[in-house]
Amino acid sequence: MKQKTLALQQIYREGTACLKEAGIADAAQDAWLLLSYVTGISKAVYYGYPDRCVSEEEAGRYSDCIDRRSRRIPLQHITGEQEFMGYSFLVNEHVLIPRQDTEILVEEALKLVKPGMHILDICTGSGCILLSLLKKCTELTNGKGKTDRCVVGTGTDISEEALAVAVKNAERLGVRADFIQSDLFGQVEERFDMILSNPPYIPTKVINELQDEVRLYDPYIALDGKEDGLHFYREIIHDSINYMKKDGYLMFEIGCEQGEAVTSLLKNAGYKDICVKKDLAGLDRIAAGRYNGE
Ligand code: GLN
C-alpha cells in the first residue's frame, strides 16, 4: 500500500482496495477493524472527522497490517485477540482462533453445570471454552449472591505454547483454572463431573481444502483429526470412563458430518442420554453423553 496521504478516510479506502484486490472476503470490514486497531478510533469519530490526519507512524503501521492481512494472515493474528462468549481472548499462531460455533458447546455446558462441579477441558488451546464457562458461572452465582461453591476447572493441552496463552487468558479474565501439559489424559489424575473438548477433527486430506487463513495459520495439530477425523474422539471417549465421576457428562464439538459416528462411539463406550445439537447454521455441532459409571 502506498503512503500518499495521512487522512483517515484516504488510508481506509486504500486499505479496503488493497484487501479487495487480494481477494479477502470481508475487505471493508477487515480494513476498518485494522484501522480502529491501529488508531484506536471509533466509527463515530471516523464518520465525524473523516479528514482527520493520522500520524505517519500510524499510517505506516496500518499499511503494514494491511500487507499482512493481504497475505491471508488472519485478522486475529494481527490484532492478537478474538472475542468469544463476550470476552476477549488473546490468540497467536499456537492456538486455534476461537470460533463462534464453539460458543454452542459452552452454552450447552452452562445448562448442565452445577455449583461444586469439577470440569476438565481437553485440548484447551487458548482456554476459551473452559475460561468462558468458568467466568459465566462466577457471574451467575455472584448475581445470586452465592459464592460458596464455585465450579473448578482444569485445562489440558499437548502444546506448551498453547498453555502459555491459556494461562494469560485466565489472568486477563480473572478466572482461576489449572492448566496441565498433557497428551490427552496422559498426565491427568483426577475424576471429573464434566469433560469438554473441541479436539482436532478435520480429516487430514480435507485440511488442504480449507481457506488459507485456517490451512496456513491455525496450528496444524489443532486441526488434524487424522485419517477419518475421528481419531481424538475415539481416544478421548475410550479413556474418558477412567476419569469420569458417576453421572458425569462428556461433551464435544464435532464436525457437521460426525454426529452419527461420535454417537455410536459414545454408545459403545457405555454412555447414556446421548444427544447431538446443531449450530446456528443448522449443522450438527455438539455431541454429548452421560456416564452412569456402571
Ligand atoms: N471448526 C474448526 C474449523 O472449521 C476446526 C476445529 C477443530 O478441528 N477442532 O476449522
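What this report covers is the structure whose coordinates are included nearby. As the structure is a prediction and not an experimental result, all values here were calculated from the model. (Residues numbered from 1 in each chain as written. Predicted model: local features only at pLDDT ≥ 70, side-chain atom pairs only at ≥ 80, totals over all residues. Heavy atoms only, no water.)

### Quick look at the sheet that holds strand 8 (residues 272-278)
Reasoning step 1: Read across the sheet, seven strands follow the order 5-4-3-6-7-9-8 without closing on themselves; strand pairing throughout is mixed. In this open sheet, the two strands that pair with only one neighbour each are strand 5 (178-181) and strand 8. In this sheet, adjacent strand axes meet at a mean angle of 15° when their direction is disregarded.
Reasoning step 2: Bridging between strand 4 (residues 152-157) and strand 5 involves four bridges; their strand directions are parallel. Pairing of Thr154 across the sheet is with Asp178, part of strand 5.
Reasoning step 3: The strands that helix 6 (residues 103-112) touches are strand 6 (192-197), strand 7 (244-253), strand 8 and strand 9 (284-291); relative to strand 7, the one it contacts most, it runs at about 155°.
Reasoning step 4: Where helix 8 (residues 160-173) meets the sheet, it contacts strand 4 and strand 5, and its direction lies at approximately 175° from that of strand 5. (Pairing = 2+ DSSP bridges. Helix = DSSP H or I, 4+ residues; strand = E, 2+ residues; numbered from the N terminus. Axes fitted to C-alpha atoms, helices over the stretch in contact; angles between N-to-C directions. Contact = heavy atoms within 4.5 Å.)

### Thoughts on the pattern of salt bridges
Reasoning step 1: Scanning the entire structure with this criterion turns up 15 salt bridges.
Reasoning step 2: Here Glu213 ties to Arg72 by a salt bridge, and the two come within 3.9 Å at their closest N and O atoms. Here Arg72 lies in the loop between helix 4 (56-70) and helix 5 (75-79) and Glu213 lies in helix 9 (residues 212-217), a separation of 141 residues in the sequence.
Reasoning step 3: In this structure, Lys277 and Glu108 form a salt bridge, with 3.5 Å as the shortest nitrogen-oxygen distance. (Salt bridge = Lys/Arg side-chain N within 4 Å of Asp/Glu carboxyl O.)

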